[in-house]
Amino acid sequence: MHEPYRTAPPDAAAPSQDDAVAIERSWDEPECFGAVFDAHYAEIHRYASRRLGPHAADDVAAETFALAFRRRRRFDLSRRSARPWLYGIATNLISRHRRDEVRLLRAVDRLHPLAEPSRGHEDEVAAKVSAQGVKGTLAGAIAALPAAQRDVLLLVALAGLSYDEVAQALDVPFGTVSSRLNRARRKLRKALGGTNPLLDEEEA
């Protein structure tokens, strides 16, 4: 896919920046959008890879930034970071691959039917819910979640977004994010016999 805004390899380290400034400048100077690409491409690609696998992630990440570039005049410039916006675009694109995601998770469930998910620190959560790394009944439980609940859960657990950022990404109210996440947690706990290694907090 042609990417006129790409100015550095996707794994290049990018400094912190004000995305809104770069996006506004890109209205008249399209090459300025390259700063947004450089800052966020690797993260968006990693998120898509954990949900769909690396091959599909290439397409999802590329299309995310192609769409963002085309829609850059719609970006809310009062939001200084484009990160939630980009995750929202990526999640919508991932929705086109729902069957692939569920099939992959259920395949892991079949391959590891007796595996017991272990508790860990927050930096281990991503590995647990990764389509490549999640094990056993946890994979099956995630696959069984309604798509809207799975999206919220994985935006928090994989992407590390706050509730407010998830609300921005999905364009839903804050309360909807909290409700969907609590329902997802309860379903995972039930499926895993009362424990939940993902975001195991007391319900509000």
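Residue numbers run consecutively from 1 along every chain, following the written order of its sequence. Reporting in this predicted model follows two pLDDT cut-offs: at least 70 for local features of residues, and 80 or more for side-chain atom pairs to be given and counted; totals over whole chains, interfaces and linings ignore these cut-offs and use all residues. For side-chain calculations, the full set of non-hydrogen atoms in the structure is used, while hydrogens and water are omitted.

Draft legend 1. Representation of the nonpolar core. Core analysis: the largest hydrophobic core is formed by 54 residues, its most contacted members being Trp85, Leu86, Tyr87, Leu153, Leu155 and Val166. In DSSP terms, a helix is any run of H or I states spanning at least four residues, a strand is any run of E spanning at least two, and both are numbered starting from the N terminus. Looking at this core element by element, the count peaks at eight residues for helix H3 (residues 54-70). The contact definition used throughout considers only heavy atoms, calling two residues in contact when any of these lie within 4.5 Å. Among residues more than four places away in sequence, those in contact with Leu155 are Tyr47, Tyr87, Thr91, Gly160, Leu161, Val166 and Leu170. What is meant by a nonpolar core is a set of buried Ala, Val, Leu, Ile, Met, Phe, Trp, Tyr and Cys residues, joined one to another through side-chain atoms within 4.5 Å. Each residue is assigned to one of three classes by its accessible area relative to the maximum for its type, calculated with a 1.4 Å probe on protein chains only: buried under 20%, partly exposed between the two thresholds, exposed over 50%.

Draft legend 2. Up close: unusual backbone geometry. For Asp171, which is not glycine, the phi dihedral falls at a positive 55°. Residue placement: Asp171 occurs in the loop between helix H9 (163-170) and helix H10 (174-191). Residue class for Asp171 comes out exposed when judged on its relative accessible area of 70%.

Draft legend 3. Here's a closer look at the packing of aromatic side chains. A pair of aromatic rings is counted whenever rings of Phe, Tyr or Trp (Trp by its six-membered ring) have centres within 6.5 Å, and the orientation is called stacked for planes under 30 degrees apart, edge-to-face for over 60 and tilted otherwise. Under the defined criterion, the tally for this structure stands at seven aromatic pairs. Seen from their ring centres, Phe37 and Tyr41 are 4.8 Å apart, and the 25° between their planes marks the pair as stacked. With Phe37 and Tyr41 both in helix H2 (residues 34-52), this residue pair falls four residues apart, about one helical turn. Each member of the pair, Phe37 together with Tyr41, is buried. Counting every residue linked through ring pairs, the aromatic cluster contains Phe37, Tyr41 and Phe65. The residue whose ring lies beneath Arg72 is Phe69, and the NZ or CZ to ring-centre distance is 4.2 Å. Whether a charge sits over a ring depends on NZ of Lys or CZ of Arg being within 6 Å of the ring centre and within 35 degrees of the ring normal.

Draft legend 4. Broad picture of a negative patch on the surface. Patch rule: a residue counts if its relative accessible area is over 30% and it has no salt bridge; like charges are joined within 9 Å, and nonpolar side chains (Val, Leu, Ile, Met, Phe, Trp, Tyr) within 5 Å. In short, Shrake-Rupley with a 1.4 Å probe defines the accessible areas, and a residue's cover is counted only from the protein chains shown. Definition used for salt bridges: Asp or Glu carboxyl oxygen within 4 Å of a side-chain nitrogen of Lys or Arg. Charge convention: Lys and Arg are scored as positive, Asp and Glu as negative, and His as well as the terminal groups of each chain are ignored. The atoms used to mark charge sites are NZ of Lys, CZ of Arg, CG of Asp and CD of Glu. Side chains of Glu24, Asp28, Glu29 and Glu31 sit close together on the surface and give a patch of like negative charge. The topology assignment puts Glu29 in the loop between helix H1 (19-26) and H2. A relative accessible area of 33% means that Glu29 is categorised as partly exposed.

Draft legend 5. Structural view of the pattern of salt bridges. The final tally for this structure, using the stated rule, is eight salt bridges. The shortest N-O distance in the salt bridge between Glu43 and Arg83 comes to 2.7 Å. One end of the pair, Glu43, is in helix H2; the other, Arg83, is in helix H4 (residues 83-94), with 40 residues separating them in the sequence. By the burial criterion, Glu43 is buried, and Arg83 matches it. Of the charged contacts, one joins Glu101 and Arg150 as a salt bridge, the two residues approaching to 3.3 Å between their closest N and O atoms. Separated by 49 residues along the polypeptide, Glu101 in helix H5 (residues 98-111) and Arg150 in helix H8 (residues 147-157) bring together distant segments of the chain. Arg150 carries the same exposure label as Glu101, and that label is buried.

Draft legend 6. Seen up close, the confidence of the model for the chain. Here the chain shows a mean pLDDT of 79. Residues at 70 or above account for 71%. pLDDT: the predictor's confidence for each residue, scored from 0 to 100. Across residues 1-16, confidence stays below pLDDT 50; counting only partners more than four residues off in sequence or on other chains, it has 26 contacts.

Draft legend 7. Molecular detail of the packing of H4 against H9. Look at H4 against H9: their axes get within 7 Å of each other, and the N-to-C directions meet at 55°. Our classification of the angle between H4 and H9 gives oblique. Seen from above, H4 lies across H9 with right-handed handedness. Together, Arg83, Pro84, Tyr87, Gly88 and Thr91 of H4 and Glu165, Gln168, Ala169 and Leu170 of H9 make up the contact between the two elements. A fitted line through C-alpha atoms represents every axis, and for helices the fit uses only the stretch in contact; the resulting angles, taken between N-to-C directions, go from 0 to 180 degrees. Roughly parallel means an angle under 35 degrees; roughly antiparallel, over 145; roughly perpendicular, 65 to 115; everything else is oblique. Two helices that cross are described as forming a left-handed crossing if the nearer one is turned anticlockwise from the farther one by less than a right angle, and a right-handed crossing if clockwise.

Draft legend 8. Structural context of H10. By definition here, a helix of n residues has an expected span of 1.5 Å times n minus one. With 18 residues, H10 should cover 26 Å at 1.5 Å per step; its first-to-last C-alpha distance of 26 Å lies within 8% of that length. Taken as a whole, H10 has its buried residues at Val177, Ser178, Leu181, Asn182, Ala184, Arg185, Leu188 and Arg189. Down the axis of H10, the smallest arc covering the buried residues is 165°, so these residues share one side. Backbone geometry just after H10 places Gly193 at a positive phi near 75°. Regarding the arc, it is the one traced by the directions from the helix axis to the C-beta atoms.

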